[in-house]
Amino acid sequence: MATVLVVTSGKGGVGKTTSTAALGAALAQNGQTVVVVDFDVGLRNLDLVMGAERRVVFDLINVVQGDAKLAQALIRDKRIETLSLLPASQTRDKDALTEEGVTRVIAELREKFDWVICDSPAGIERGATLAMRHADAAVVVTNPEVSSVRDSDRIIGMLDSKTLKAEKGERIDKHLLLTRYDAGRASRGEMLKTEDVLEILSIPLLGIIPESEEVLRSSNLGSPVTISNPNSVPAKAYFEAARRLRGETVVVTVPAERRGFMGRLFGRRAVA
Amino acid sequence: MNLLSLFRRQNSAPVARDRLQVLLAHERAFVGRSDLLAVLQEEIIAVIAKHVTIDREKVHIKLDRGDSVSTLEIDVEVPSLMGASAVHAR
């Protein structure tokens, strides 16, 4: 039975698209059939992060409006054959997404894949509410920073009230993915700790992704970090998060980038 | 600024945590209820008006958000009951 997962956050720039790509790839690398769906109509980027930007012919809006068949719009990943992408439209606006059209497309995707991962746009408007509408589970991507935590709290409230599951009185599984975490700064009291964020948001922890140069490198290359460098610290954290999504119990460790003395002297932080 | 304070900057993460906890406690209670004060005012007036005649202009409602507790102040001017019974007696 398929699981529809929304990757959401409220705030922009916290790592939704990066995490959608990495979690989707990690699940597919372990044999699951996965489609990642870009709901950011007008500002699509999942195609770029996945390295498929030159292969987009039809998009989600074409399928929603019946101008193209689903099979025509799906882009099969060249590296992992069980991974597919349904891109968003770059030229249309969010009003082109209709509730009925999205319902039909999600139902069709459920037939074909084990995981349907919806990359939500930032904000709490139509695009974001439609992306979460059909979700069975949600990954709330949060940075250890006040504005991100506040927006995540708001999104959690919407997941509990505006999704189909919530309206039917059922529970939607919510998972916290803490991204751009710097264990050193947290231990020095300069950054919110994992426990702080967990206590405030009170949803279970899916994983901690460290601030890492590898993440920017992988988006530069158009390859999810679990593919571009599977042994890197962030890739391992995403692999573990993917196993937890499948219901496995994996102890959460606080990942830290190992840096040598020279690295510490001359190392630069990735800016994204 | 003395020399020590250069080395001993106060940690900012606990401040962030405390600010968030206070803010979110309020936002969770009031999200989607921006009309809460208006609703409370109407219902409180209705309850009091069932028993005594009151002047709607003389009801004041104020909400104060504090760190650990918030207070809801309701100030209703009720016409003197003594006076009312005196009128009745006449």
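Residues numbered from 1 in each chain as written. Chains lettered and ligands numbered in written order. Predicted model: local features only at pLDDT ≥ 70, side-chain atom pairs only at ≥ 80, totals over all residues. Heavy atoms only, no water.

## Observations regarding the packing of helix H7 (residues 146–159) of chain A against helix H10 (residues 194–201) of chain A
Residue and element names in this part refer to chain A.
Alright, step 1. Between H7 and H10, whose axes approach to 10 Å, the crossing angle comes to 35°. Of the two elements, H7 crosses H10, and the hand of that crossing is right-handed. Residue-level inspection shows Val149, Ser152, Asp153 and Ile156 of H7 in contact with H10, the latter providing Val197, Ile200 and Leu201.
Alright, step 2. Residues belonging to the contact of H7 with H10 are distributed by class as follows: five nonpolar, one polar and one charged. (Axes fitted to C-alpha atoms, helices over the stretch in contact; angles between N-to-C directions. Helix = DSSP H or I, 4+ residues; strand = E, 2+ residues; numbered from the N terminus. Left-handed = near helix turned anticlockwise from the far one by under 90°. Contact = heavy atoms within 4.5 Å. Nonpolar A, V, L, I, M, F, W, Y, C, P; charged D, E, K, R; others polar.)

## Brief notes about the nonpolar core
Residue and element names in this part refer to chain A.
Alright, step 1. In terms of nonpolar packing, the biggest core is built from 50 residues, with Phe39, Leu86, Leu97 and Leu109 touching the most fellow members.
Alright, step 2. Top element by residues in this core is H7. It accounts for five residues.
Alright, step 3. The contact partners of Leu86, leaving out residues within four places of it in the chain, are Val35, Val36, Val37, Asp38, Asp59, Leu60, Leu70, Ala73, Leu74, Val105 and Leu109.
Alright, step 4. Judged by nonpolar contacts, the second largest core, of 38 residues, contains Leu5, Val225, Ile227 and Ala242. (Core = buried A, V, L, I, M, F, W, Y, C linked by side-chain atoms within 4.5 Å. Buried < 20%, exposed > 50% of the residue type's maximum accessible area, 1.4 Å probe, protein only.)

## Brief notes about a negative patch on the surface
Alright, step 1. A surface patch of like charges, here negative, comprises Asp64, Glu73, Asp75 and Glu77 of chain B.
Alright, step 2. Considering the arrangement of structural elements, one finds Asp64 of chain B in strand S1 (residues 59–65). (Patch = residues over 30% accessible without salt bridge, like charges linked within 9 Å, V, L, I, M, F, W, Y side chains within 5 Å. Areas by Shrake-Rupley, 256 points an atom, 1.4 Å probe, with all protein chains shown as cover. Salt bridge = Lys/Arg side-chain N within 4 Å of Asp/Glu carboxyl O. Lys, Arg positive; Asp, Glu negative; His and termini not counted. Charge placed at Lys NZ, Arg CZ, Asp CG, Glu CD.)

## Some thoughts on the layout of surface pockets
One way to see where empty space is left: roll a probe the size of a water molecule over the atoms.
Residue and element names in this part refer to chain A.
Alright, step 1. Taken as a whole, the largest pocket holds about 650 Å³ of empty space.
Alright, step 2. Contributions of two or more residues to the lining of the largest pocket are made by helix H1 (16–29), helix H2 (46–49), strand S7 (173–181), strand S8 (205–210) and helix H11 (213–221).
Alright, step 3. Here the lining of the largest pocket gets four residues from one element, more than from any other, and that element is H1.
Alright, step 4. Taken together, the residues of the lining of the largest pocket break down into 13 nonpolar, eleven polar and five charged. (1 Å grid on protein atoms, 1.4 Å probe; cavity = no way out; pocket = protein on both sides within 12 Å on 5 of 7 lines; lining within 4 Å. Points joined across faces, edges and corners; volume = space filled by probe spheres on them.)

## Observations regarding the interface of chain A and chain B
Alright, step 1. At the interface, 14 residues of chain A touch 13 residues of chain B.
Alright, step 2. Surface buried jointly by chain A and chain B totals about 1200 Å² across both partners, of which 57% is contributed by carbon and sulfur atoms.
Alright, step 3. Contact with chain B buries area across many residues of chain A, yet Val146, Arg150 and Ile200 of chain A alone supply 41% of it, more than any other trio.
Alright, step 4. The interface formed by chain A and chain B contains three salt bridges.
Alright, step 5. A salt bridge links Asp196 of chain A to Arg17 of chain B, with the shortest nitrogen-to-oxygen separation between them at 3.3 Å.
Alright, step 6. If you list the elements that add at least two residues to the side of chain A that touches chain B, you get H7 and H10 of chain A.
Alright, step 7. Of the residues forming the side of chain A that touches chain B, the biggest block, five residues, is contributed by H7 of chain A.
Alright, step 8. Looking at the side of chain A that touches chain B, its residues break down into six nonpolar, one polar and seven charged. (Buried area = accessible area lost by both parts, 1.4 Å probe.)

## Looking at the pattern of salt bridges
Residue and element names in this part refer to chain A.
Alright, step 1. Across all of its chains, the model carries 16 salt bridges over all chains by this definition.
Alright, step 2. Between Asp77 and Arg79 there is a salt bridge whose closest N-O contact spans 2.7 Å.
Alright, step 3. Residue Asp77 is classed as buried on the basis of its relative accessible area of 9%.
Alright, step 4. Owing to a relative accessible area of 38%, Arg79 belongs among the partly exposed residues under this scheme.
Alright, step 5. Connected through shared salt-bridge partners, Glu99, Arg133 and Glu167 make up one network.

## Focus on H7 of chain A
Because each turn of an α-helix spans 3.6 residues, side chains separated by three or four positions end up pointing in the same direction.
Alright, step 1. Here H7 of chain A spans 20 Å end to end across 14 residues, near enough to the 20 Å set by a 1.5 Å rise per residue.
Alright, step 2. All of the buried residues in H7 of chain A are Ser148, Val149, Ser152, Asp153, Ile155, Ile156, Met158 and Leu159 of chain A. (Expected span 1.5 Å × (residues − 1).)

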